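# Coordinate inspection notes
Listed below, chain by chain, are the residues.
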Amino acid sequence: MHTSLNPEAGDLCSENQELDSITTLPLEELLPHRERSLLLNRVLEGDATYAVTLSTVKSSWPFAEGSGVDSLALVEVAAQTAGISCSWDRIQRLGLNSEQKGWIVAVKKAVFHLAELPYEAEVRAEGKNTINFGGFQEVSTLISLDDQIIAEIVLQLYQTQDS
């Protein structure tokens, strides 16, 4: 039996456990990212159509230099937030130990209202699937800092489907 520690709740999740909340599952069960490449801290809420996440800006993030991180790193925050709801959909349909497949991701639109993110700032990402057809999805994400929108990002995702 596969088990993993949920750091927020301090309990173990097993493959036989009923998965009733996206927020109780460890990020490592939802995303393939590890260590420095995992930019999200936690999932606040979500389901198969949307996700709300929190991230703390770190000097280990891509594009970090000087006093902060270039806002371009928020594209990856948006992509990981999209990955949360996509993975939750997969887990609900196929189970916790189902195969994680990669996605081809394109940026359709990205508008940044802040050039640099200060270290230790907490950013909130709210991603919503606006199109879902076969293996194609479009996810619109608003990213905020201190209740001010700092980025608006639309991603297009494609994943091959099982035949």
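Small disclaimer: the values here were computed from a predicted structure and weren't measured.

## Concerning a nonpolar patch on the surface
Together, F63, L72 and F112 give the surface a local cluster of nonpolar side chains, amounting to about 260 Å² of exposed area. Residue position: F63 is located in the loop between β4 (50-56) and β5 (64-65). The exposure class of F63 is partly exposed, given its relative accessible area of 45%.

## With respect to the pattern of salt bridges
In the structure shown here, the tally under the stated rule is 4 salt bridges. A salt bridge links E120 to K58, with the shortest nitrogen-to-oxygen separation between them at 3.2 Å. Taken together, the positions of E120 in the loop between β8 (116-118) and β9 (122-133) and K58 in the loop between β4 and β5 put the pair 62 residues apart, joining distant regions of the chain. Classification of K58 as partly exposed rests on a relative accessible area of 32%.

Definitions and cut-offs
- Residues numbered from 1 in each chain as written.
- Predicted model: local features only at pLDDT ≥ 70, side-chain atom pairs only at ≥ 80, totals over all residues.
- Heavy atoms only, no water.
- Patch = residues over 30% accessible without salt bridge, like charges linked within 9 Å, V, L, I, M, F, W, Y side chains within 5 Å.
- Areas by Shrake-Rupley, 256 points an atom, 1.4 Å probe, with all protein chains shown as cover.
- Salt bridge = Lys/Arg side-chain N within 4 Å of Asp/Glu carboxyl O.
- Helix = DSSP H or I, 4+ residues; strand = E, 2+ residues; numbered from the N terminus.
- Buried < 20%, exposed > 50% of the residue type's maximum accessible area, 1.4 Å probe, protein only.

Honestly, it's all geometry; don't read function into it.
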